[in-house]
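So you can see what is in the structure, the chains are spelled out below.
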Amino acid sequence: MQQTSPPLHTPPTQGIKYIGSKLKLIPHVLELVKKVNAKTILDGFSGTTRVSQAFAKLGYTLICNDTAPWSKVFGTCYLLNTKPKEAYQPLIDHLNAVPPMDGWFTEHYGGHGNGGCAIQEDGLKKPWQLHNTRKLDAIRQEIVTLKLDPIEKAVALTSLILALDRVDSTLGHFSAYLKAWAPRAYKELALGVPEVFTSEENHQVHQTDIFELVPRISVDLAYFDPPYGSNNEKMPPSRVRYAAYYHLWKSVVLYDKPTLFGKAKRRKDTSDPLAASIFEEFRQNDDGQFIAVQAIAKLIQETQARWILLSYSSGGRATAQQLNEVMQSNGKLLAVLELNYKKNVMAGMRWTHKWVNAAETPNREFLFLLEKN
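Criteria and cut-off values
Chains are numbered independently. Their residues run from 1 in the order of the written sequence. Whole-chain, interface and lining totals are the exception, using all residues; otherwise, since this is a predicted model, local features are given only for residues with pLDDT of at least 70 and side-chain atom pairs are given and counted only at 80 or more. As a convention, hydrogens and water are excluded, and side-chain values are obtained from all of the structure's heavy atoms. Helix and strand definitions follow DSSP, with helices as H or I runs of at least four residues and strands as E runs of at least two, each counted in order from the N terminus. Partly exposed residues are those whose accessible area sits between 20% and 50% of the maximum for their type, while under 20% is buried and over 50% is exposed, using a 1.4 Å probe and protein chains only. Whether two residues touch is decided by their heavy atoms; if any such pair falls within 4.5 Å, the residues are in contact. The protein chains shown are the only cover counted for residues, whose accessible areas, like all others here, come from Shrake-Rupley with a 1.4 Å probe. Axis definition: a line fitted to C-alpha atoms, limited for helices to the stretch in contact. Angles are taken between N-to-C directions and run from 0 to 180 degrees. Orientation labels follow simple angle bins: below 35 degrees gives roughly parallel, above 145 gives roughly antiparallel, 65 to 115 gives roughly perpendicular, and whatever is left gives oblique. Residues are grouped as follows: Ala, Val, Leu, Ile, Met, Phe, Trp, Tyr, Cys and Pro are nonpolar; Asp, Glu, Lys and Arg are charged; every other residue, Gly included, is polar. What counts as a salt bridge is simple: a side-chain nitrogen of Lys or Arg found within 4 Å of a carboxyl oxygen of Asp or Glu. The aromatic pairing rule takes the rings of Phe, Tyr and Trp, using the six-membered ring of Trp, and pairs them if the centres are within 6.5 Å, calling planes under 30 degrees apart stacked, those over 60 edge-to-face and the rest tilted. As a reminder, the over-ring test applies to NZ of lysine and CZ of arginine, requiring each to be within 6 Å of the ring centre and within 35 degrees of the ring normal. Identification of polar contacts relies on pairs of N or O atoms within 3.5 Å, with a donor-acceptor requirement for protein atoms, meaning one able to donate a hydrogen and the other able to accept it, and with residues adjacent in sequence counted only if both atoms are side-chain atoms. Two helices cross in a left-handed way if the nearer one is turned anticlockwise from the farther one by less than a right angle. They cross in a right-handed way if the turn is clockwise. By the convention used here, strands pair only if DSSP detects at least 2 bridges between them. pLDDT: the predictor's confidence for each residue, scored from 0 to 100. The length a helix should cover is 1.5 Å for every residue beyond the first.

**Some remarks on the overall build of the protein**
Part 1: Looking only at helices and strands, the protein has 14 helices and 12 strands in total.
Part 2: Out of the 373 residues in the protein, the part that is buried amounts to 56%.
Part 3: The contacts in the protein between residues at least 6 apart in sequence include a share of 75% that link residues at least 24 apart.
Part 4: Roughly 16,100 Å² of accessible area belongs to the protein as shown, and the carbon and sulfur atoms make up 50% of that amount.

**Here's the deal with the packing of helix 4 (residues 89-96) against helix 6 (residues 130-146)**
Packed helices, taken two at a time, are described by the angle between their axes plus the distance between the axes.
Part 1: Contact geometry of helix 4 with helix 6 gives a least axis separation of 9 Å together with a crossing angle of 130°. Taken together, the axis directions place helix 4 and helix 6 in an arrangement best described as oblique. Contact residues: Leu91, His94, Leu95 and Asn96 in helix 4; Lys135, Ile139, Glu142, Ile143 and Leu146 in helix 6.
Part 2: A class-by-class count of the residues in the contact of helix 4 with helix 6 yields five nonpolar, two polar and two charged.

**Things to note about the pattern of salt bridges**
Part 1: All told, the structure shown has 11 salt bridges when counted by the stated rule.
Part 2: Residue Asp165 pairs with Lys17 through a salt bridge whose shortest N-O separation is 3.0 Å. Of the two residues, Asp165 sits in helix 7 (residues 150-165) while Lys17 sits in the segment before helix 1 (26-33), which places them 148 residues apart along the sequence.
Part 3: For Lys17, a relative accessible area of 27% gives the class partly exposed.
Part 4: Note that Arg184 and Asp168 form a salt bridge whose closest N and O atoms lie 2.8 Å from each other. Pair noted here: Arg184 is in the loop between helix 7 and strand 5 (204-206) and Asp168 is in the loop between helix 7 and strand 5, with a separation of 16 residues, a long-range link.
Part 5: One network of salt bridges, in which partners are shared, links Lys17, Asp165, Asp168 and Arg184.

**Focus on the packing of aromatic side chains**
Part 1: Summed over the entire model, instances satisfying the criterion amount to 18 aromatic pairs.
Part 2: A ring pair is formed by Trp104 and Tyr109, whose centres lie 5.7 Å apart and whose planes are at 65°; its orientation type is edge-to-face. In terms of burial, Trp104 and Tyr109 fall into one category: buried.
Part 3: Here the basic side chain of Lys298 rests over the ring of Phe211, its NZ or CZ set 4.5 Å away from the ring centre.

**Concerning the environment of Gln120**
Part 1: Mapped onto the secondary structure, Gln120 falls in the loop between strand 3 (110-111) and strand 4 (128-129).
Part 2: Counting along the chain gives 10 residues from Gln120 to Gly110, while the straight-line C-alpha distance between them is 9.4 Å.
Part 3: Contact partners of Gln120, with chain neighbours within four places excluded, come to Gly111, His112, Asn114, Lys126 and Trp181.
Part 4: Side-chain polar atoms of Gln120 contact the backbone oxygen of Ala118, separated by 3.1 Å.

**Observations regarding the packing of helix 1 against helix 2 (residues 50-57)**
Part 1: Contact geometry for helix 1 and helix 2: axes closest at 10 Å, N-to-C directions at 50°. When the axis of helix 1 is compared with that of helix 2, the two are oblique. Crossing hand, helix 1 versus helix 2: right-handed. In contact with Ile26, Val29, Leu30 and Val33 of helix 1, helix 2 contributes Arg50, Val51, Ala54 and Phe55.
Part 2: In the contact of helix 1 with helix 2, the residues fall into seven nonpolar, no polar and one charged.

**Concerning the pairing of strand 9 (residues 305-313)**
Part 1: Across the nine residues that make up strand 9, a large majority, eight, are buried.
Part 2: Alignment of strand 6 (residues 219-224) against strand 9, held across five bridges, turns out to be parallel. Its bridge partner lying in strand 9, Leu221 is registered against Trp307.

**Observations concerning the pairing of strand 2 (residues 61-65)**
Part 1: The buried fraction of strand 2 amounts to five of the five residues, a majority that puts the element mostly inside the structure.
Part 2: The two faces of strand 2 match: Thr61, Ile63 and Asn65 on one face and Leu62 and Cys64 on the other face are all buried.
Part 3: Summarising the sheet, strand 1 (residues 40-43) and strand 2 pair through four bridges and their orientation is parallel. When the bridges of strand 2 are listed, Ile41 appears paired with Leu62.

**Examining the confidence of the model for the protein**
Part 1: With 85% of its residues at a pLDDT of 70 or more, the protein shows a mean pLDDT of 87.
Part 2: In the predicted structure, residues 231-240 sits below a pLDDT of 50 and forms 34 contacts with residues beyond four places in sequence or in another chain.
Part 3: Scored below 50 in pLDDT, residues 343-347 makes 15 contacts in the model with residues more than four places away or belonging to other chains.

**Focus: helix 6**
Part 1: Compared with the 24 Å implied by 1.5 Å per residue over 17 residues, the 24 Å span of helix 6 between its first and last C-alpha is a close match.
Part 2: Along helix 6, the residues classified as buried are Asn132, Thr133, Lys135, Leu136, Asp137, Ala138, Ile139, Arg140, Glu142 and Ile143.
Part 3: Tucked inside the fold, the buried residues of helix 6 contact helix 4, helix 5 (104-109), strand 3, strand 4, helix 7 and helix 10 (247-254).

What follows is the structure, given as structure tokens:
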């Protein structure tokens, strides 16, 4: 097995705590893309947009897409910005100075310190303390009042989300909250200007279903990191139901005060039947094919790109065998990179079909560089 080292230069990126974060994977993504002569790239499941940010800083032209509204906000902030960072300082200073107020977020998500206990009188745990939800309510209303242009609004919302992420009391998602307040929850919410940058490339930011987007665009390379789910037996859960995990960022962005349910007070539109992605569906169809793998096959076939870089989280040889067959029938595997997140290092390069055996071991992440037929 050939050992390789990540590239020396990886551009800095900015994002929130995220279960499916590609922060550690970015150097290896960049390394594989360097193997081909790509100029335009589709980041089809962009999430926090860290990968898109890195590509853009290296001079690639990006088409950034995700179904999450908060991801579109991040994409707009970082990829479509045309101003220097200091141009936004007056806006951020203004938002920081807005007097706190009680509002919808405080009503549902703010809690008293209670001597360190996050469980409130209603028996529910909260993600933020009251002093910070009151700032959230005031700042979010002020963003509406200011009638900002789309990029200014995206910068303001990105700043707000980043600030909220620094003072929450969670494990990095909003499906459950900590019983005892995290030390950071006592800190004061303070916005800062996001690490925006300017680019000469004509980037695009979309918020749509990937199968609606790929027939309409053509790129040199497409990077896909779908939100894989779990089938318990073959694929231990690692990244499940993104819409449910990050429902609060959706509420911050949309400011639509939705109907809520459950102990975590999730948005009703993020319930499992409504929010699940086909890529999170690891049941088998009547022909014994994994539904998620069939979705990947369809995605590869319909994408108008010469090269496809696919991220895959391991969990079972049956799934891996089917995925390997899909890739072998749709193109030529140029490289397979295996990473072991438990050891926090790259395991090495694997070639052709040999990666399937390694996929039996959980906690592996694979990157496949495929040249389409």
